[in-house]
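Structural overview
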Amino acid sequence: MPVFAVLSAIVFWMCVRARRAERPLKTRPRPHAEGERRILVIANETVGGRTLREMIRERSEGVRAEILVVTPALNSPLRHWASDEDDARAAAQDRLDASLARLASVGLRARGEVGDGDTLQAMEDALRTFGADEIILSTHPEGRSHWLERGVVAKARERFAVPITHVVVDLEAEQEEVRG
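Residues numbered from 1 in each chain as written. Predicted model: local features only at pLDDT ≥ 70, side-chain atom pairs only at ≥ 80, totals over all residues. Heavy atoms only, no water.

Ordered by their spatial adjacency, 5 strands build an open sheet running β3-β2-β1-β4-β5, and the pairing between neighbours is parallel. Two strands in the sheet have a free side with no partner beyond their single neighbour: β3 (111-115) and β5 (164-168). Neighbour to neighbour, the strand axes of the sheet diverge by 20 degrees on average, direction disregarded. (Pairing = 2+ DSSP bridges. Helix = DSSP H or I, 4+ residues; strand = E, 2+ residues; numbered from the N terminus. Axes fitted to C-alpha atoms, helices over the stretch in contact; angles between N-to-C directions.)

Looking now at the pattern of salt bridges. Per the stated rule, a full pass over the model turns up 11 salt bridges. Notably, a salt bridge pairs Arg59 with Glu58, separated by 3.6 Å at the nearest N-O pair. Using a relative accessible area of 26% as the deciding quantity, one classes Arg59 as partly exposed. Accessibility expressed as a relative area gives 47% for Glu58, which makes it partly exposed. Close ionic contact of Glu124 with Arg159 constitutes a salt bridge, the shortest N to O distance being 2.3 Å. Here the residue Glu124 occupies a position in helix α5 (residues 119-130), and Arg159 occupies one in helix α7 (residues 152-159), the gap between them amounting to 35 residues. Under the relative-accessibility criterion, Glu124 is labelled buried at 10%. (Salt bridge = Lys/Arg side-chain N within 4 Å of Asp/Glu carboxyl O. Buried < 20%, exposed > 50% of the residue type's maximum accessible area, 1.4 Å probe, protein only.)

This part covers the environment of Thr119. Residue position: Thr119 is located in helix α5. Its relative accessible area of 3% is what places Thr119 among the buried residues. Between the C-alpha atoms of Thr119 and Trp147, which are 28 residues apart in sequence, the distance is 8.3 Å. Those residues in contact with Thr119 that lie beyond four places of it in its chain are Ile42, Pro72, Leu74, Trp147 and Val152. (Contact = heavy atoms within 4.5 Å.)

Judged by nonpolar contacts, the single largest core of 20 residues is most densely connected at Leu40, Ile42, Val70, Met123, Leu127, Ile135 and Leu137. Among the elements that make up this core, the one with the highest residue count is α5 (6 residues). Beyond its immediate sequence surroundings of up to four residues, Met123 is in contact with Leu40, Ile42, Ile135, Ala156, Phe160 and Ile164. Counting 19 residues, the second-largest nonpolar core is a separate cluster that includes Ile39, Val41, Val47 and Leu108. (Core = buried A, V, L, I, M, F, W, Y, C linked by side-chain atoms within 4.5 Å.)

Before going further, it helps to spend a moment on helix α2 (residues 50-60). Three or more residues of α2 are buried, namely Leu52, Arg53, Met55, Ile56 and Ser60. One side of α2 holds all its buried residues, which, seen down the axis, span an arc of 160 degrees. Against the buried residues of α2 lie β1 (36-42), β2 (64-72), α4 (86-105), β4 (134-139) and β5. One or two residues past the end of α2 sits Gly62, with phi positive at roughly 75 degrees. (Arc of directions from axis to C-beta.)

Quick look at the confidence of the model for the protein now. When pLDDT is averaged along the protein, the result is 80, and 73% of the positions lie at 70 or above. This model gives residues 76-82 a pLDDT under 50, and the stretch forms 4 contacts once residues within four places in sequence are excluded. (pLDDT = per-residue confidence, 0-100.)

Next up on the list: the side chain of Asp133. Tracing the backbone through its elements, the reader meets Asp133 in the loop between α5 and β4. Of the buried charged residues, Asp133 lacks a salt bridge, with Arg37 as the closest side chain of opposite charge at 5.2 Å. Among the polar contacts listed, one links the side chain of Asp133 to the backbone nitrogen of Arg38, at a separation of 2.7 Å. (Lys, Arg positive; Asp, Glu negative; His and termini not counted. Polar contact = N/O pair within 3.5 Å; in protein donor to acceptor, adjacent residues only side chain to side chain.)

Printed below as a string of structure tokens:
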């Protein structure tokens, strides 16, 4: 039995080490017409913020933009290990639907997907099928952002060859502006 435990630990360590050594995902945008731009937006709670909508509008001006919004299905570690992701996926779908409606209200056509709970995996999955020219990664401000605490922006820039724009959305400040 101790031999099995040692061998299991070695295999686990090798898998973790191999995962860290992965090279950046070299995605190539699918061929598309001149004047077209594919924008991948990764956002969770900030997905409906004004700052993000303005950034998407700015990036899509003067081109025929195809926009894909991915909202990761964030879950608690316990529910993840128990494969209980239904509530997380439903909540992510609700946020995504609200976001797509807000984008449509300002004249931006976009489609969306609920992504993997691991933000980097959600990005990789979307890049494999969408062929983005650019990624816009939206977070809360420092101090309130779990993604910033875990270094998701830096890790994404290391891992993916696609240009990444990080936008900070302060939903509390935006709500105060509306009230004021």
